[in-house]
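The primary structure of each chain is shown beneath.
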Amino acid sequence: MALDNQNKANGKSPEKGVWKSGKGKGRTHTKGRQLHDQAWDEVRALLGDKPRRADLLIEHLHLIQDEYGHLSAAHLRALAEELRLSMAEVYEVATFYAHFDVVKEGETPPPALTIRICDSLSCELAGAQQLKTALEDGLDQTEVRVVRAPCMGRCDTAPALELGHAFVDHATLDKVKAAIAADATHVQVPDYEGYAAYAAQGGYDTLRKLRTGGDWEQVQGSLLQAGVRGLGGAGFPSGKKWGFVRGNAGPRYMAVNGDEGEPGTFKDRWYLERVPHLFLEGMLIAAWAVEAEKVFLYMRDEYPQVLALLRTEIAALEDAGLVAPGYIDLRRGAGAYICGEESAMIESIEGKRGMPRHRPPYVAQVGVFGRPTLVHNVETLHWIARVCREGPEILNTVEKNGRKGQRSFSVSGRVAKPGMYLLPAGSTVTDIIAAAGGMAEGHLFKAYQPGGPSSGLLPASMGDVVMDFDVLQEHGSFIGSAAVVILSDQDSAKAAALNMLRFFESESCGQCTPCRVGCEKAVKLMDQPTWDQPLLEELSQAMIDTSICGLGQAAPNAIRLTMKHFADEV
């Protein structure tokens, strides 16, 4: 009775339970989604004894997605409770990444099986759109969901699709039906050189020697002498990064960029599926050089087979005593091209949306958790291990057209034998086509992407231009990650450019207006029978001048180069 009198005095209704001023019914619970015991129990069971840290949000979202096939509102609320985060923080991260399926109350969850069909340029040239239509018409949509997806790094086997967590290369409707019938929807790990085989050939001997008395500056000098550069796209001299990071007080970290998302690129996957320990030894050498207290290995979710083999081989390194348990923290991306940008990747490692940071400060000063961070690409680390083991001569003695070194070219499109080709850095696209067996039967060389959609399109008449850093810039393009896509006389440059801008429109993180709105407007203008070229040029310049990161700055290359070299089509 005393409590009822107190509630009345404070404006509370004893039968309603929750105070509410003004007219209307009182609430019996707090605002927002309520915590349900069953969902909470399920989330706690999935997490087990794993740490409840905010930076592990994406990892924990994967656990729920893998177990239930989607992320229900009740599970998101329970996860927010476990991590002591607001529902808004969890929701904004879950909805940012393409591989998470958020299902609100009252909505129907997606079917148990999802087919993701790549619709990037190489797969579109191979008939991905027709395949998507055939699958939608030929499969029960209540049991199988068919969705488009950006590049999966399988351009050499186009059209490619992901069936659950497995892949169907050179996909057809019949192949997909057969795979579903055989339940071939789980991760398929390829044959590769494991720890024992690698160690038997002297693997990790170099790392051990460096750890017991090596000079990091001497190793840095060897890398500079060899000419090793960042091979994720920027091409910055790799050895110089070490000095920048070491110049800042510790603790220091290392982050490995395995988010190979540039359409047409699959070189990192090619190396990881065959010789992962060359990469891992190079990674540990670089971590030793900057005295990194921890390594965050960020790998794209489109490579489930690589994630599986890396988990196995990291455990082997721990068992061999080469690294302490937990020193290598393998993080799984969630389907966001923008996380290939180093600061966006770091945001994702911290459990946030992958949005690029403003610079300065640079990640060498303020990286993961605000600490100095060394960032390297997978292939760069592969070459660091080889240079340390074999000497700088493996790169600087290879010379062609006045350029030194070797490049790993991902080659796809209208060639006879798409694949990964290791060629001298001074090679031209004509050399690359020859290495890939020439043009596909019945096709004549018309155009090419020298480094994915970010590099735009160049005509066959520029087939003698050297495909290396600092050369293509003179022509308004760049080599980037060396993702070479070949087009023929049967292809439309205008349609190819539109495919590239649709990719950028889909993958823009949305942080800055020039990129978010610019890509959308460009797609609408480019989808017209005739392009408004002055307006597209004005839009391109605005995007280049004012976008925060390389996505918005590079997207107009596809527009400008198509207008310049294929004016008769637009």
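What counts as what
Here, residues in each chain are numbered from 1, in the same order as that chain's written sequence. At least 70 in pLDDT is required for a residue's local features to be given in this predicted model, at least 80 for side-chain atom pairs to be given and counted, and no such filter applies to totals for whole chains, interfaces and linings, which use all residues. The basis for every side-chain value is the complete set of non-hydrogen atoms in the structure, without hydrogens or water. As a per-residue measure, pLDDT reflects the predictor's confidence and takes values from 0 up to 100. When checking whether two residues touch, look at their non-hydrogen atoms; a contact exists if any pair is within 4.5 Å. A pair of Phe, Tyr and Trp rings is counted when the ring centres sit within 6.5 Å of each other, with Trp represented by its six-membered ring. The angle between the planes then sorts it: under 30 degrees is stacked, over 60 is edge-to-face, the rest tilted. Burial status follows relative accessibility: with a 1.4 Å probe on protein chains alone, a residue under 20% of its type maximum counts as buried, one over 50% as exposed, and anything between as partly exposed. The secondary structure listing takes helices from DSSP runs of H or I that are at least 4 residues long and strands from runs of E that are at least 2 residues long, numbered from the N terminus. Being paired, for any two strands, means DSSP has found at least two bridges between them. Under this scheme, a helix contributes an axis fitted over its contacting stretch, all axes are lines through C-alpha atoms, and angles between N-to-C directions fall in the 0 to 180 degree range. The disulfide criterion used throughout: a pair of cysteine sulfur atoms within 2.5 Å. An angle below 35 degrees is treated as roughly parallel, one above 145 as roughly antiparallel, one from 65 to 115 as roughly perpendicular, and anything else as oblique. Expected span of a helix: the number of residues minus one, times 1.5 Å. Two helices that cross are described as forming a left-handed crossing if the nearer one is turned anticlockwise from the farther one by less than a right angle, and a right-handed crossing if clockwise. Under the scheme applied, nonpolar residues are Ala, Val, Leu, Ile, Met, Phe, Trp, Tyr, Cys and Pro; charged residues are Asp, Glu, Lys and Arg; polar residues are all the others, including Gly. Grid points spaced at 1 Å and placed over the protein atoms alone form the basis of the search, with a cavity being a set where a 1.4 Å probe fits but cannot get out and a pocket an open set showing protein on both sides within 12 Å along at least five of seven lines. Lining residues have an atom within 4 Å of a point. Grid points are joined across faces, edges and corners, and a volume is the space filled by probe spheres set on the points.

Examining the confidence of the model for the chain
Of the residues in the chain, 94% reach a pLDDT of 70 or more, and the chain-wide mean stands at 93. Counting contacts from residues 1-9, a segment whose pLDDT is below 50, to residues more than four positions away or on other chains yields three contacts. Contacts for the low-pLDDT stretch residues 11-15, under 50 throughout, to residues beyond four places or in other chains number six contacts.

A closer look at the packing of aromatic side chains
According to the stated counting rule, one finds twelve aromatic pairs in the structure shown. Arranged with centres 6.3 Å apart and planes meeting at 80°, the rings of tyrosine 97 and phenylalanine 100 form a pair that is edge-to-face. The residues tyrosine 97 and phenylalanine 100 share a single accessibility class, namely buried. Considering the side-chain rings of tyrosine 198 and tyrosine 204, the 5.2 Å spacing of their centres and the 75° angle between planes classify their relative orientation as edge-to-face.

Points about unusual backbone geometry
In this structure, the amide linkage connecting alanine 158 to the following residue, proline 159, adopts the cis form with an omega of -5°. Relative to the helices and strands, proline 159 is located in the loop between strand 4 (144-149) and strand 5 (161-163). One non-glycine residue, aspartate 183, lies in positive phi territory at about 55°. Residue aspartate 183 is classed as partly exposed on the basis of its relative accessible area of 47%. Its identity is not glycine, yet asparagine 401 carries a phi of approximately 50°, on the positive side. Here asparagine 401 lies in the loop between strand 11 (399-400) and strand 12 (403-404). Its relative accessible area of 49% is what places asparagine 401 among the partly exposed residues.

Examining the sheet that holds strand 8 (residues 292-299)
Pairing is parallel across the open sheet formed by four strands, whose spatial order is 9-8-7-10. With one partner strand each, in any of the chains shown, strand 9 (328-332) and strand 10 (373-377) form the two edges of the open sheet. Strand-to-strand twist in this sheet, taken as the mean axis angle between neighbours without regard to direction, amounts to 20°. Against the sheet, helix 17 (residues 378-390) engages strand 7 (252-258), strand 8 and strand 10, with an angle of about 90° to strand 10.

Some words on the side chain of serine 410
Here serine 410 is to be found in strand 13 (residues 406-413). Apart from residues lying up to four places away in sequence, serine 410 is in contact with Gly264, Thr265, Phe266, Lys267, Gly419, Ala482, Ala483 and Val484.

Focus: the state of the cysteines
Taken as a whole, this structure holds zero disulfides when the rule is applied. Of all cysteine sulfurs in the structure, the one in cysteine 123 sits closest to cysteine 118, which takes part in no disulfide; the separation is 3.5 Å. We classify cysteine 118 as buried; its relative accessible area is 3%. Among the cysteines around cysteine 519, which has no disulfide bond, cysteine 515 carries the closest sulfur, lying 4.2 Å off.

Quick word on the packing of helix 2 (residues 37-47) against helix 3 (residues 57-68)
The contact between helix 2 and helix 3 brings their axes to 10 Å, and the two run at 110°. Judged by the angle between their axes, helix 2 and helix 3 are roughly perpendicular. Every residue of helix 3 that contacts helix 2 at Glu42, Val43, Leu46 and Leu47 is listed here: His60, Leu63, Ile64, Glu67 and Tyr68.

Some details on the pairing of strand 13
In terms of residue burial, strand 13 counts as a mostly covered element, since six of its eight residues are buried. Pairing of strand 13 with strand 14 (residues 419-424), which is carried by six bridges, proceeds in the antiparallel orientation. Within the sheet, the bridge partner assigned to arginine 407 lies in strand 14 and is leucine 423. Once strand 13 ends, the chain turns through five residues before running back antiparallel as strand 14. Sheet topology note: the strand 13/strand 17 (residues 483-488) ladder contains four bridges and is parallel.

Quick look at the sheet that holds strand 4
The strand order 4-3-5-6 describes an open sheet built from four strands, whose pairing is mixed. Each edge of the sheet is formed by a strand with only one pairing partner; in this case those strands are strand 4 and strand 6 (166-168). Direction aside, the axes of adjacent strands within the sheet are offset by 25° on average. Of the strand pairs in this sheet, strand 5 and strand 6 are connected by three bridges, and their pairing is antiparallel. Note on strand 6: the bridge partner recorded for leucine 163 is alanine 166. Sitting on the sheet, helix 7 (residues 128-138) touches strand 3 (113-118), strand 4 and strand 5, and the angle it makes with strand 3 is about 160°.

Observations regarding helix 3
The terminal C-alpha atoms of helix 3 lie 17 Å apart, and with twelve residues this matches the ideal 16 Å at 1.5 Å per residue to within 8%. Backbone geometry just after helix 3 places glycine 69 at a positive phi near 80°.

Remarks on the packing of helix 7 against helix 8 (residues 173-181)
Helix 8 packs onto helix 7 with a crossing angle of 50° between their chain directions and a minimal axis gap of 10 Å. As the angle between them shows, helix 7 and helix 8 are arranged oblique. Pair helix 7 / helix 8 crosses with right-handed handedness. Of the residues in helix 8, those in contact with Leu131, Ala134, Leu135 and Gly138 of helix 7 are Leu173, Val176 and Lys177. By residue class, the composition of the contact of helix 7 with helix 8 is five nonpolar, one polar and one charged.

With respect to the layout of surface pockets
Of the volumes computed, that of the second largest pocket is approximately 610 Å³. Across the lining of the second largest pocket, the residue classes tally to seven nonpolar, nine polar and ten charged.

Thoughts on the side chain of aspartate 119
Relative to the assigned elements, aspartate 119 resides in the loop between strand 3 and helix 6 (121-125). Every residue in contact with aspartate 119, bar those within four places of it in the chain, is listed here: Glu124, Ala128, Gln129, Arg148, Ala149, Pro150 and Asn499.

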